[in-house]
Structures are given as structure tokens and as C-alpha cells.
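# Coordinates in review
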Amino acid sequence: MELSYDTPSLTDANPVTDEGDFEIVNYAAGKTVLILGASPDQLPLYQVAKRAGAYVIGADANPNSIARPLADQFLLLESRNAEDIIWMLDGRTLHGVVSPGNDSFHETIYDLAKHFNLPNPPSREAVNASCDKGFFSSRAQEINVFAPTHCTSHDISVLREFAKTRQLPLIVKPADSSGSKGLSFLTALGQLPAAYEKASSVSPTGLVIIEDYLSGEQFGVEAFRVDGRCVLSAVSQRGHTAV
């Protein structure tokens, strides 16, 4: 496990500027924030956190991550285990931990929030909903929010029996991964073995979900929790390329 400390130049990545619609300069002075992930999805938060005056600890498994030059300290991760990250922090106290655009770190955020006694930590149910697509869909249906009919299992025979009861096409994907990794568009039951292998190979636990395919427009909703309140920040229409 490698632990790397550095304070690189901001000129190696997109620079932080003074442009913006609201004043955030030095808003977080004296605070330390851990940003899990240092890819293009997380880069804007690095820029804002630095502009706000926070001490930014970045963490990623890629030593050449685009946001690394903006971090005051960088942790080269070999796992998502919170205990490993706590050891790498070497006694430093955190005031916040976040991983925008990456659901796979939510379990880590939950454990770190408990360890550092951070305010407004995610609930166990919220973490499960973020990390398990089957749990999310089932919970949505329980509270009368529409979600596709689905089945999750490690057993392909269970998924096959479910598929026999549904109308094609169907979607097969890992139940606990993100970014459309391992996704297949099932137009015939004979395609299920290959789709199952593709999905299970990129799932951290081998858990696969099969669900109804829904056509139509897709919108994304972004929100933040501020002092325990959910505050809507943006609604965007999603665009997709052909699978």
C-alpha cells in the first residue's frame, strides 16, 4: 500500500478561477475534506473546495488521475476499505468526505462518517439504495415510486426463470456497479448466459439484476443535504448512445 503526500502545482489541471455566481472564497478555510475519486467527475469539486480554502485530500487508485494536482495530499488507494483509508490518513481529522458521481464509495463514506463523527451521515438504507440496484427498485416500489420489475440473484437459473415470465427485451447488469459497466440488452433468452457472465464479472459481489426494459425520456435529479434537509439543485435530461 503506497501513501503519497504532495502539494502539486495547480497549473497541471484546470485552474481554479474567481468566476462564479456566488462567493465561496475561504468559506471552508481551516476545514479538511476527503474526496474519494479524482476523475473528471470529481474534478469540479476539487476546484471548488480549493477555492473555498479547504485542505483537500484526494484519493484514487489511478496515480495519474486528472484531479490529483489539485489535492494538497493524495492517497493512492488499493482498496475501498474504510479502515485502510483511516490508516493512510495517519491521525488527520476530517470535516467532510464525499465522492460525487461514484456510488461505489458510499459504503466507505458511511464507515468514515461514523468513525469521524461527521454531521448528517448517510443512513444505512440510503447506502443500500445507492449500492444495490435491486434494493433501490424494491424500496421505490414500496413507497409507490415507479421502478422496473426486476429480479436479483447470484444464480443464473433464478434469473432465467424470471426472464421466462417477462416480455423481451430485458436489461441485464451488475446489481452493485455503476457507469453502465457490464450492461447487456437481452432480445432472446439464449443470450442470458453471456449477459450473466458479462455482468457478474464486473460486480464486486457477483450479484446480477435482470429487469424490464423501459423506453422513453430519462431525467436526472441532483440534490444536496444541507443541515439534514434535502435541497434540490438541478434537473437534467439524460442523453444515451446506442448499446
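Residues numbered from 1 in each chain as written. Predicted model: local features only at pLDDT ≥ 70, side-chain atom pairs only at ≥ 80, totals over all residues. Heavy atoms only, no water.

As a further point, take the overall build of the chain. Counting secondary structure elements, the chain contains seven helices and eleven strands. Among the 243 residues that make up the chain, the fraction classed as buried is 37%. Contacts in the chain between residues at least 24 apart in sequence constitute 55% of all its contacts with a sequence separation of at least 6. Total accessible area on the chain is roughly 14,100 Å²; 52% of this is exposed by carbon and sulfur atoms. (Helix = DSSP H or I, 4+ residues; strand = E, 2+ residues; numbered from the N terminus. Buried < 20%, exposed > 50% of the residue type's maximum accessible area, 1.4 Å probe, protein only. Contact = heavy atoms within 4.5 Å. Areas by Shrake-Rupley, 256 points an atom, 1.4 Å probe, with all protein chains shown as cover.)

So, on to the pattern of salt bridges. Within the structure shown, the criterion is met by seven salt bridges. Residue R139 pairs with E142 through a salt bridge whose shortest N-O separation is 3.3 Å. Placement of both R139 and E142 in helix 5 (residues 133–142) is noted, with a separation of three residues, approximately one turn of the helix. Accessibility expressed as a relative area gives 28% for R139, which makes it partly exposed. Residue E142 is classed as exposed on the basis of its relative accessible area, which comes to 58%. Through salt bridges with shared partners, one network takes in E125, R139 and E142. (Salt bridge = Lys/Arg side-chain N within 4 Å of Asp/Glu carboxyl O.)

Attention now moves to the packing of aromatic side chains. Throughout the structure, instances matching the rule amount to one aromatic pair. Above the face of the F105 ring, R80 is positioned so that its terminal group lies 5.2 Å from the ring centre. Between the NZ or CZ atom of R124 and the centre of the ring of Y110, over which it lies, the distance is 4.6 Å. (Phe/Tyr/Trp six-rings, centres within 6.5 Å; stacked < 30°, edge-to-face > 60°. Lys NZ or Arg CZ within 6 Å of the ring centre and 35° of its normal.)

Take the packing of helix 3 (residues 106–115) against helix 4 (residues 124–131) next. Where helix 3 contacts helix 4, the axes come no closer than 9 Å and their chain directions differ by 160 degrees. In terms of their interaxial angle, helix 3 and helix 4 are classed as roughly antiparallel. Here helix 3 and helix 4 pass one another in a crossing that is right-handed. Taking contact as the criterion, the partners of H106, E107 and Y110 in helix 3 are, on helix 4, R124, V127, S130 and C131. Classifying every residue of the contact of helix 3 with helix 4 gives three nonpolar, two polar and two charged. (Axes fitted to C-alpha atoms, helices over the stretch in contact; angles between N-to-C directions. Parallel < 35°, antiparallel > 145°, perpendicular 65-115°, else oblique. Left-handed = near helix turned anticlockwise from the far one by under 90°. Nonpolar A, V, L, I, M, F, W, Y, C, P; charged D, E, K, R; others polar.)

Here we take up the confidence of the model for the chain. Of the residues in the chain, 88% have a pLDDT of 70 or more, and the chain-wide mean is 85. Ranking the elements of the chain by mean pLDDT puts strand 1 (residues 3–4) last with 38 and helix 6 (residues 156–164) first with 97. (pLDDT = per-residue confidence, 0-100.)

The next point concerns the packing of helix 2 (residues 82–89) against helix 3. Running from N to C, helix 2 and helix 3 cross one another at 50 degrees; their axes reach a closest spacing of 9 Å. Comparing their axes, helix 3 and helix 2 come out oblique. You can see that helix 2 and helix 3 cross each other, and the crossing is right-handed. Across the interface between the two elements, A82, I85 and I86 of helix 2 pack against T108, D111, L112 and H115 of helix 3. The class makeup of the residues in the contact of helix 2 with helix 3 is four nonpolar, two polar and one charged.

Summarising the element assignment, L170 is placed in strand 7 (residues 170–174). Separated by 40 residues in sequence, L170 and I210 place their C-alpha atoms 6.8 Å apart. Filtering out sequence-adjacent residues up to four positions away, L170 remains in contact with A163, S184, F185, L186, I210, E211, D212 and Y213.

Further remarks concern helix 2. The complete set of buried residues in helix 2 reads A82, I85, M88 and L89. The arc that holds the buried residues of helix 2, viewed along the axis, is 120 degrees, so those residues lie on one side. Pointing more than 90 degrees away from the buried face of helix 2 are the exposed residues E83 and W87. Two or three places before E83, at the start of helix 2, stands the capping residue N81, its side-chain oxygen 2.7 Å from that residue's backbone nitrogen. (Arc of directions from axis to C-beta. Polar contact = N/O pair within 3.5 Å; in protein donor to acceptor, adjacent residues only side chain to side chain.)

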